[in-house]
Amino acid sequence: MRILKWALIILAALVTGAVALGYTPDTDATAMRAKYGSAASRFLTLSPGLTVHVRDQGVRNGRALVLIHGSNASLHTWEPWVTRLQSEYRIITLDLPGHGLTGANPNGRYDMESYVDVVDQVMQRLGVPHAVLAGNSMGGGVSWNYALSHPEKVDALVLVDAAGAPSAKPRTMPIGFRIAHMPGVRALAEVITPRSMFEASLKTSVYDPGFATPQMVDRYWELNRYPGNRAATLARFAQMGQNRAATPARLAAIKVPVLIMWGQEDNLIPVAAAQWFHKALPTSQLIIYPKVGHIPMEEIPDQSAEDVKRWLADLPLAATP
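All of these numbers come straight from a predicted model, not from anything done at the bench.

Undergrad: Which parts of the structure should I look at to understand the packing of helix α8 (residues 195–205) against helix α9 (residues 214–224)?
TA: Any two packed helices are characterised by the angle at which their axes cross and by the distance between the axes. At a minimum axis separation of 9 Å, α8 and α9 run at an interaxial angle of 120°. By the criterion of interaxial angle, the relationship of α8 to α9 is oblique. Between α8 and α9 lies a crossing of right-handed hand. Across the interface between the two elements, Arg 195, Phe 198, Glu 199 and Leu 202 of α8 pack against Pro 214, Met 216, Val 217, Asp 218, Tyr 220, Trp 221 and Asn 224 of α9. Taken together, the residues that form the contact of α8 with α9 break down as seven nonpolar, one polar and three charged.

Undergrad: Mind showing me how you'd approach the sheet that holds strand β8 (residues 284–289) here?
TA: The strands making up a sheet are joined through hydrogen bonds of the backbone, oriented either antiparallel or parallel. Pairing is mixed in the open sheet, where eight strands are placed in the order β1-β2-β4-β3-β5-β6-β7-β8. Two strands lie at the open edges of the sheet, namely β1 (41–46) and β8, each paired on one side alone. Strand-to-strand twist in this sheet, taken as the mean axis angle between neighbours without regard to direction, amounts to 20°. The pairing of strand β3 (residues 63–68) with strand β4 (residues 89–94) spans six bridges and is parallel. Note that in β4 the partner of Leu 67 across the bridge is Thr 93. Sitting on the sheet, helix α4 (residues 112–125) touches β1, β2 (50–58), β3, β4 and β5 (131–137), and the angle it makes with β1 is about 110°.

Undergrad: What am I meant to see in the side chain of Ser 41 here?
TA: With respect to the helices, strands and loops of the structure, Ser 41 is situated in strand β1. On the basis of relative accessible area, Ser 41 is assigned to the buried category, the value being 16%. Reaching out from Ser 41, the side chain makes a polar contact with the side chain of His 53 at a distance of 2.7 Å. Within the structure, Ser 41 has its side chain in polar contact with the side chain of Arg 55 (distance 3.2 Å). Non-local contacts of Ser 41, meaning those with residues more than four positions away in its chain, are made with His 53, Val 54 and Arg 55.

Undergrad: What should I look at first to understand the layout of surface pockets in this one?
TA: Gaps left between atoms are located by rolling a probe of water-molecule size over the structure's atoms. Taken as a whole, the second largest pocket spans an internal volume of roughly 170 Å³. Along its surface, the second largest pocket is lined by Asp 111, Met 112, Glu 113, Val 116, Asn 145, Ser 149, Gln 242, Asn 243, Arg 244 and Arg 250. Sorting elements by how many residues they give to the lining of the second largest pocket places α4 first, with three residues.

Undergrad: What is the right way to read the environment of Ser 196 from this model?
TA: Structurally, Ser 196 can be placed in helix α8. For Ser 196, a relative accessible area of 47% corresponds to the partly exposed category. In this structure the C-alpha to C-alpha distance between Ser 196 and Trp 221, which are 25 residues apart in sequence, comes to 9.0 Å.

Undergrad: What is the right way to read the environment of Val 59 from this model?
TA: Along the chain, Val 59 falls in the loop between β2 and β3. Taking the C-alpha atoms as reference points, Val 59 and Arg 90, separated by 31 residues in sequence, lie 4.7 Å from one another. When neighbours within four sequence positions are excluded, Val 59 is seen to be in contact with Gln 86, Ser 87, Glu 88, Tyr 89 and Arg 90.

Conventions adopted
Along every chain, residues carry numbers that run from 1 in the direction the sequence is written. In view of the model being predicted, local features appear only for residues whose pLDDT reaches at least 70, and side-chain atom pairs are presented and counted only at 80 or more, with totals across whole chains, interfaces and linings using the full set of residues. Side-chain figures throughout are based on the complete set of non-hydrogen atoms in the structure, without hydrogens or water. Helix axes are fitted only over the stretch in contact, all axes being lines through C-alpha atoms; the angle between N-to-C directions runs from 0 to 180 degrees. Going along the chain from the N terminus, every DSSP run of H or I of four or more residues is numbered as a helix, and every run of E of two or more is numbered as a strand. When an angle is under 35 degrees it counts as roughly parallel; over 145 it counts as roughly antiparallel; between 65 and 115 it counts as roughly perpendicular; any other value is oblique. For any pair of crossing helices, the crossing counts as left-handed if the nearer helix is rotated counterclockwise from the farther one by less than a right angle, and right-handed if it is rotated clockwise. Two residues qualify as a contact provided that any one of their heavy atoms is within 4.5 Å of a heavy atom in the partner residue. Only Asp, Glu, Lys and Arg are considered charged, only Ala, Val, Leu, Ile, Met, Phe, Trp, Tyr, Cys and Pro nonpolar, and every remaining residue, Gly among them, polar. Being paired, for any two strands, means DSSP has found at least two bridges between them. Note on classification: 1.4 Å probe, protein chains only; a residue is buried when its accessible area is under 20% of the maximum for its type, exposed when over 50%, partly exposed between these limits. Counted as a polar contact is a pair of N or O atoms within 3.5 Å, where, for protein atoms, one must be capable of donating a hydrogen and the other of accepting one, and residues adjacent in sequence contribute only when both atoms are in side chains. A cavity here means a set of points on a 1 Å grid, drawn over the protein atoms and nothing else, where a 1.4 Å probe fits but cannot get out; a pocket is an open set with protein on both sides within 12 Å along at least five of seven lines, and a residue lines either one if it has an atom within 4 Å of a point. Grid points are joined across faces, edges and corners, and a volume is the space filled by probe spheres set on the points.

Read these as layout, nothing more, since geometry by itself doesn't imply function.
As structure tokens, then:
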């Protein structure tokens, strides 16, 4: 018993020391809004009292594109597409709850169903009756789930290295994701979130590690420390079991055109998942990019945006009023 007692004391001392040395506080919300907001930023209050960071850019009467980011990312991941597509389309981006400048959801929910509801509320508030939905990674999962829940509001889908394929096991799990799945360690992630962890995760996510610039690493690191986001991330991982995986039977209900875009060197969701989605979605087209990782819209913005533009031009979609 004495040995156990001293072991616990030593362990407590080590944990206390680690917290003292590695403590990284939340960032300041006002400072983050000033740094990462823009003239296009709006903050919409939705039910149940959730305030969502949204940008509505481009041609007001153009075809609407709603772009949904992935896990631990933000609407900034789509800015390369916004720059290249806004002259022809109305482009709506948003920070999902627990991400970016949105912060925590008052109801504590971060499952796929709740994210679908947030996207739908944003579209309603902005007067968008139907749109093309594009999503990367987790945002791709939100997109195809939205298409199943609201088929009448979806003109087409763009799945960019999307989540949800049942056999999609990552080749290399970034350290940030590994920590979030470690019950004994993840509680410390609310107060110890080193910049180096985000740098390592980003370099794992892209094909060329040099693509993860210091500014990009800072953005991910600082926004993930936006008040409420770290606790929300832990809650989201805990709620992942509530999300239903894609199956051919479920996806068969999606009748709209689908463009599947994938990085050949994606370490998070391997290219085999792209083939699975392509087989499960008979209306789909598939583009695989060599020497590209998990975020093609950032890694190869010119090519990926041009492919989207070309694909949309060939689709007989109704224009949004």
